[in-house]
Amino acid sequence: GNSVTQMEGPVTLSEEAFLTINCTYTATGYPSLFWYVQYPGEGLQLLLKATKADDKGSNKGFEATYRKETTSFHLEKGSVQVSDSAVYFCALSDYSRGGGNKLTFGTGTQLKVEL
Amino acid sequence: NAGVTQTPKFQVLKTGQSMTLQCAQDMNHEYMSWYRQDPGMGLRLIHYSVGAGITDQGEVPNGYNVSRSTTEDFPLRLLSAAPSQTSVYFCASSYSSYSSNQPQHFGDGTRLSIL
């Protein structure tokens, strides 16, 4: 079956520090990969996505590259801000006939950015 | 557009009570799903629907029931609430049931406590 493993949190950084959140996956087919972000008290929002090997997704200064050879999709940002404090989820979507567009999530990584 | 709307936002139940969590989307999305979010476990799929009149079980379906009589609505029913069902519940939808690169849109969640 499909699975997603992401680094344990919480991660605490100073403002303007470099961020990496590791994510690796196991899938039987050719999944699309996503990063979602959850701010306190809110639902999940799509941050970025990549749909095939070597694609780079990017948004709001965050980026991640779909690496098929290492089955990874690590999230990076060059300079974090206090407003980036949230929980980040790595996920994969693997369509199957009859099963639809299912998402498999990692456990989430909480990021706290301090001044 | 309202997107995905979940009601209620908060609910406290007693063990054995039943209730329905409402989910509605106004984007004419084909695929809808329910997840539960528990600490350290990410989001787990409860039930999903690939279109009106079609539903199926996800990873953790026991104790829950769904129906999809219209494209817009996808209610989740707790048949006899148990403390193990204390969780945050998210409804999500995506445009197509048959494309893994479609991101899912999430509601703001229902925080449910079972006493």
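Structure shown above.
My aim in this report is to walk through the structure given alongside it, one point at a time. Computed from a prediction, not measured in an experiment: that's the story for all the values here. (Residues numbered from 1 in each chain as written. Chains lettered and ligands numbered in written order. Predicted model: local features only at pLDDT ≥ 70, side-chain atom pairs only at ≥ 80, totals over all residues. Heavy atoms only, no water.)

1. Notes on the overall build of chain A
Test applied: What counts as a helix is a DSSP run of H or I of at least four residues, what counts as a strand is a run of E of at least two, and both are numbered from the N terminus. Only C-alpha atoms enter the radius of gyration; for comparison, a globular chain is expected to reach 2.2 Å times N to the power 0.38, where N is the number of residues. Only protein chains enter the accessibility calculation, which uses a 1.4 Å probe. A residue is then buried if its area is under 20% of the maximum for its type, exposed if over 50%, and partly exposed in between. Whether two residues are in contact is decided by their heavy atoms: any pair within 4.5 Å suffices. The method behind every accessible area is Shrake-Rupley, applied with a 1.4 Å probe, and residues are considered shielded solely by the protein chains displayed.
Across its full length, chain A holds zero helices and twelve strands. Taken from the N to the C terminus, the helices and strands of chain A come in the order β-β-β-β-β-β-β-β-β-β-β-β. Taking 2.2 N^0.38 as the reference for a compact globule, 115 residues should give roughly 13 Å; the C-alpha atoms of chain A span a radius of gyration of 14 Å, in line with that estimate. If one aligns the C-alpha atoms of chain A with their principal axes, the spans along those axes are about 50 × 30 × 20 Å. Burial statistics for chain A: of 115 residues in total, 43% are counted as buried. Considering only contacts in chain A between residues 6 or more positions apart, those separated by 24 or more positions represent 56%. Of the roughly 5500 Å² that chain A leaves accessible, carbon and sulfur atoms contribute 46%.

2. Structural notes on the side chain of Lys77 of chain A
All names here are of chain A. Applied cut-off: Pairs of N or O atoms are called polar contacts if they sit within 3.5 Å, as long as, within protein, a hydrogen donor faces a hydrogen acceptor (for residues adjacent in sequence, only side-chain-to-side-chain pairs).
Locating Lys77 in the fold gives a position in strand β9 (residues 75-77). Overall, Lys77 belongs to the buried group, its relative accessible area being 10%. Among the polar contacts listed, one links the side chain of Lys77 to the side chain of Asp84, at a separation of 2.7 Å. In this view, Lys77 contacts Ala17, Phe18, Leu19, Lys60, Gly61, Phe62 and Asp84; residues no more than four positions away in its chain are not counted.

3. A closer look at the environment of Tyr39 of chain A
Residue and element names in this part refer to chain A. With respect to the secondary-structure elements, Tyr39 resides in the loop between β5 (32-38) and β6 (44-50). It is 6.5 Å that separates the C-alpha atoms of Tyr39 and Val87, two residues lying 48 residues apart in sequence. Leaving out residues up to four positions away in the same chain, Tyr39 has contacts with Gln45, Ser83, Ser85 and Ala86.

4. Overview of the interface of chain A and chain B
Going by this rule: Summed over both partners, the accessible area (1.4 Å probe) lost when two parts come together is defined as the buried area. Whenever Lys or Arg places a side-chain nitrogen within 4 Å of a carboxyl oxygen from Asp or Glu, that contact is recorded as a salt bridge. Gly is put with the polar residues, along with every residue not named as nonpolar or charged; the nonpolar set is Ala, Val, Leu, Ile, Met, Phe, Trp, Tyr, Cys and Pro, and the charged set is Asp, Glu, Lys and Arg.
In this complex, chain A contributes 25 residues to the contact, which on the side of chain B involves 25 residues. The junction of chain A with chain B conceals about 1900 Å² of combined surface from both sides, 54% of it contributed by carbon and sulfur atoms. Along the contact surface separating chain A from chain B lie zero salt bridges. For the side of chain A that touches chain B, the secondary-structure elements that each account for two or more residues are β5, β6, β10 (86-93) and β11 (103-105) of chain A. If one sorts the elements of the side of chain A that touches chain B by residue count, β5 of chain A sits on top with four residues. Considered class by class, the residues forming the side of chain A that touches chain B number nine nonpolar, twelve polar and four charged.

5. What about the layout of surface pockets?
Just so we agree on the cut-off: Here the term cavity refers to a set of points on a 1 Å grid, laid over the protein atoms alone, in which a 1.4 Å probe fits but cannot get out; the term pocket refers to an open set having protein on both sides within 12 Å along at least five of seven lines, with lining residues being those that place an atom within 4 Å of a point. Grid points are joined across faces, edges and corners, and a volume is the space filled by probe spheres set on the points.
Of the pockets and cavities examined, the largest pocket occupies roughly 370 Å³. Lining the largest pocket are 18 residues, with Asn2, Leu103, Thr104 and Phe105 of chain A together with Glu59 of chain B positioned closest to its centre. Of the residues that constitute the lining of the largest pocket, the class distribution is six nonpolar, eight polar and four charged.

6. Notes on the sheet that holds strand β3 (residues 19-21) of chain A
Residue and element names in this part refer to chain A. Basically, it comes down to this: Each pair of strands is called paired provided DSSP finds at least two bridges between the two strands. Orientation is described by axes fitted as lines to C-alpha atoms, over the contacting stretch for helices, and by angles from 0 to 180 degrees between their N-to-C directions.
Pairing within the open sheet is antiparallel, and its four strands lie in the order β3-β9-β8-β7. One side of each edge strand has no neighbouring strand; the edge strands of this open sheet are β3 and β7 (56-59). The average undirected angle you get between the axes of adjacent strands in this sheet is 15°.

7. Observations concerning the packing of aromatic side chains
Where we set the bar: Stacked, tilted and edge-to-face are the three classes assigned to paired rings of Phe, Tyr and Trp, where Trp is represented by its six-membered ring and a pair needs centres within 6.5 Å; plane angles under 30 degrees give stacked, over 60 edge-to-face, the rest tilted.
What the rule picks out here adds up to eleven aromatic pairs over all chains. Relative to Phe106 of chain B, the ring of Phe105 of chain A has its centre 6.2 Å away and its plane inclined at 70°; by these criteria the two rings are edge-to-face. Within this pair, whereas Phe105 of chain A is found in strand β11, its partner Phe106 of chain B is found in strand β10 (residues 105-106), the two belonging to separate chains. For Phe105 of chain A, a relative accessible area of 8% corresponds to the buried category. Take Phe106 of chain B: its relative accessible area is 10%, and that puts it in the buried class. Connected via pairs of aromatic rings, a cluster forms that spans Phe34, Tyr36, Phe89 and Phe105 of chain A together with Tyr35 and Phe106 of chain B.

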